[in-house]
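What follows is the residue order along each chain.
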Amino acid sequence: STQSRSSAASDVYKRQVVKEHPSSSLCWALLAEGSLLSDTDAADVAAYAYARTGRDLGLEQLRDAGWDGEGPVDWGYLPNQGVFRCLHALAMAAERLGFGDESDDADTLLRELSNEAWQALRGDDVPSDNAVDVDVDEELADEQESDHQE
């Protein structure tokens, strides 16, 4: 079908983007979310692996940026959204695979990092490629990026 060819092409594109940007937690989140949409056991396992990878990368990047492992993280700052989306996808994939405690842990961490992110992401039971549309002021995003690189 045309839809399955389109989906397959989208998956290939997402994997290529991850190859080009392996440290981007947002790229890993997109892979995880796409796998969750497939709704098969194999895809759920893939989503779990993608989401864990993105979560680990995202948390490491937050620590490198000065986050001490406690306290809120800014949902409105675009580079942070990958780790939030990975945590959401991890909670969903872990639940589907029967890892209830890990699902609860991921969901709790997401809520502790940003209640705003938790509420926005929980609006979709199954994430989609456009699960979260955030208006970003490009000039502000550029300023924030340069502030975080100093």
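Located above this text is the structure these notes cover.
Conventions adopted
Residues numbered from 1 in each chain as written. Predicted model: local features only at pLDDT ≥ 70, side-chain atom pairs only at ≥ 80, totals over all residues. Heavy atoms only, no water. Core = buried A, V, L, I, M, F, W, Y, C linked by side-chain atoms within 4.5 Å. Buried < 20%, exposed > 50% of the residue type's maximum accessible area, 1.4 Å probe, protein only. Helix = DSSP H or I, 4+ residues; strand = E, 2+ residues; numbered from the N terminus. Axes fitted to C-alpha atoms, helices over the stretch in contact; angles between N-to-C directions. Parallel < 35°, antiparallel > 145°, perpendicular 65-115°, else oblique. Left-handed = near helix turned anticlockwise from the far one by under 90°. Contact = heavy atoms within 4.5 Å. Nonpolar A, V, L, I, M, F, W, Y, C, P; charged D, E, K, R; others polar. Expected span 1.5 Å × (residues − 1).

Student: Where do I start with the nonpolar core in this structure?
Tutor: Across soluble globular proteins, nonpolar side chains have a tendency to be buried as a group. F84, L110 and L113 are the most contacted members of the largest nonpolar core, which totals 25 residues. Elements with a contribution of two residues or more to this core: α2 (25–38), α3 (41–64), α4 (81–96), α5 (100–113) and α6 (115–121). Sort the elements by how many residues they give to this core and α4 lands first, with nine residues. Within the second largest apolar cluster, seven residues are counted, among which are V17, C27, W28 and A29.

Student: Got a minute to help me understand the packing of α2 against α3 in this structure?
Tutor: The description of two packed helices rests on the angle between their axes and on the distance between the axes. Running from N to C, α2 and α3 point in directions that differ by 160°, and their axes come no closer than 8 Å. Classed by the angle they form, the pair α2 and α3 counts as roughly antiparallel. Along this stretch, α2 crosses α3, giving a crossing that reads as left-handed. Listed contacts from α3 to S25, W28, L31, A32, S35, L36 and S38 of α2 are A43, D44, A46, A47, Y50, A51, T53, G54, L57, G58 and Q61. Here the residues of the contact of α2 with α3 are counted per class, giving ten nonpolar, seven polar and one charged.

Student: Looking at this model, I keep getting lost on α3. Mind explaining?
Tutor: For an α-helix, 3.6 residues make a turn, and residues three or four places apart therefore share a direction. Taking 1.5 Å as the rise per residue, α3 with 24 residues should run 34 Å; its terminal C-alpha atoms sit 35 Å apart, in good agreement. Of all the positions in α3, only A43, D44, A47, Y48, A51, G54, R55, G58, L59 and L62 are classed as buried. Against α2, α4 and α5 lie the buried residues of α3. With its phi angle positive at about 110°, G66 sits one or two positions after the end of α3.

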